[in-house]
Structures are given as C-alpha cells and as structure tokens.
Amino acid sequence: MSFQLANNFDFPVYDTKVEVYNFDKMKSKTIKVAGKDARISQSDYTNCVVFRGAVATMTSHSIKGGVFITDVQDGNFYAKLFTRNKMPVQKITIYYFNRIFHVVMGVHPDGSTKKFDRIYSLESTPEI
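Residues numbered from 1 in each chain as written. Predicted model: local features only at pLDDT ≥ 70, side-chain atom pairs only at ≥ 80, totals over all residues. Heavy atoms only, no water.

(A) Here's a closer look at the overall build of the protein chain. The secondary structure content of the protein chain amounts to two helices and eight strands. Along the protein chain, from the amino end to the carboxyl end, the secondary structure elements read β-β-α-α-β-β-β-β-β-β. Here the protein chain holds 128 residues, and 27% of them are scored as buried. Residue pairs in contact within the protein chain that sit at least 24 positions apart in sequence constitute 54% of those at least 6 positions apart. In the structure as shown, the protein chain presents an accessible area of about 8900 Å², 54% of it carried by carbon and sulfur atoms. (Helix = DSSP H or I, 4+ residues; strand = E, 2+ residues; numbered from the N terminus. Buried < 20%, exposed > 50% of the residue type's maximum accessible area, 1.4 Å probe, protein only. Contact = heavy atoms within 4.5 Å. Areas by Shrake-Rupley, 256 points an atom, 1.4 Å probe, with all protein chains shown as cover.)

So this is what it looks like as structure tokens:
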C-alpha cells in the first residue's frame, strides 16, 4: 500500500499526522455495550494500526513523497489525517468490493463530526 500527502492550499500546513487502521480487524474487535457507543480495548485498537507518521511542515502547493506500507494484507482500511492549524482534513475509507477499490472521502473540520462534503470515487456509490 502506498500513498502521498498533498497540500493544495495557498498556505502551509503544520504538524500533519497520519494514521492508517486495518478496518476489518478493528470491526471484529469492537463490542457493543448496552446504552453506550461501541467500544474497543486500547490494546486491540493499537494492534489495528498499520501505519503512523508525521510531517512537521508542508509548504503551500507541495507533495510529500510516497509512504509505503509493506506488510499489509488484503482488507479494508481507514485513514485519518490530523493538522495543528485546524485546516479541513479528509477522513478516507478504501473498500475493496467486486475486484474494485472504492474510495470515500469525508471532508471535516479537524476535531469536528460536522461534515462539509462526502466524495465518492467514480466507481463507487453511496450504497457501496
């Protein structure tokens, strides 16, 4: 698996952190608790992380080279991006279905659950 970080804004982005999780593994370790949100133990959560990385500064209109994760097996993954200066970030889900990778990006203000937009790859649909 590989990906790159791009700053398409006119201003720098500082302290960008990236976390990639094995979503299938996380889903299997999550339990429902009556009257509460679903829970996962800290150790199971930590074991679901397949990559953590950080970039101190990204200048305007720049790309940080490819990040390669070599020990990833087939499955579904969830990536989160965090920034210090509260720029809108994308929460990205990649889903493999019928031999096609479907990508969904939800654009959020950092630290907020309010969605600005949800973007689907060309092959994907809201149902998938």
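(B) Main features of the nonpolar core. Leu-5, Val-18, Val-20, Phe-51, Val-55, Met-58, Val-67, Ile-69, Phe-77, Ala-79, Leu-81 and Ile-92 form the largest nonpolar core, which has 12 residues in total. In this view, Phe-77 contacts Met-1, Val-20, Tyr-21, Asn-22, Phe-23, Val-50, Val-72, Ile-92, Thr-93 and Ile-94; residues no more than four positions away in its chain are not counted. (Core = buried A, V, L, I, M, F, W, Y, C linked by side-chain atoms within 4.5 Å.)

(C) Looking closely at the packing of aromatic side chains. Evaluated as defined, the whole model comprises two aromatic pairs. Between Tyr-21 and Tyr-45, the aromatic rings sit 5.3 Å apart at their centres with planes inclined by 40°, giving tilted as the arrangement. Placement of Tyr-21 in strand E2 (residues 13–22) and of Tyr-45 in helix H2 (residues 42–48) is noted, with a sequence separation of 24 residues between them. Taking the relative accessible area as the measure of exposure, Tyr-21 reaches 1% and is therefore buried. When its relative accessible area of 23% is taken as the criterion, Tyr-45 is described as partly exposed. What links up through ring pairs into an aromatic cluster is the set Tyr-21, Tyr-45 and Tyr-78. (Phe/Tyr/Trp six-rings, centres within 6.5 Å; stacked < 30°, edge-to-face > 60°.)

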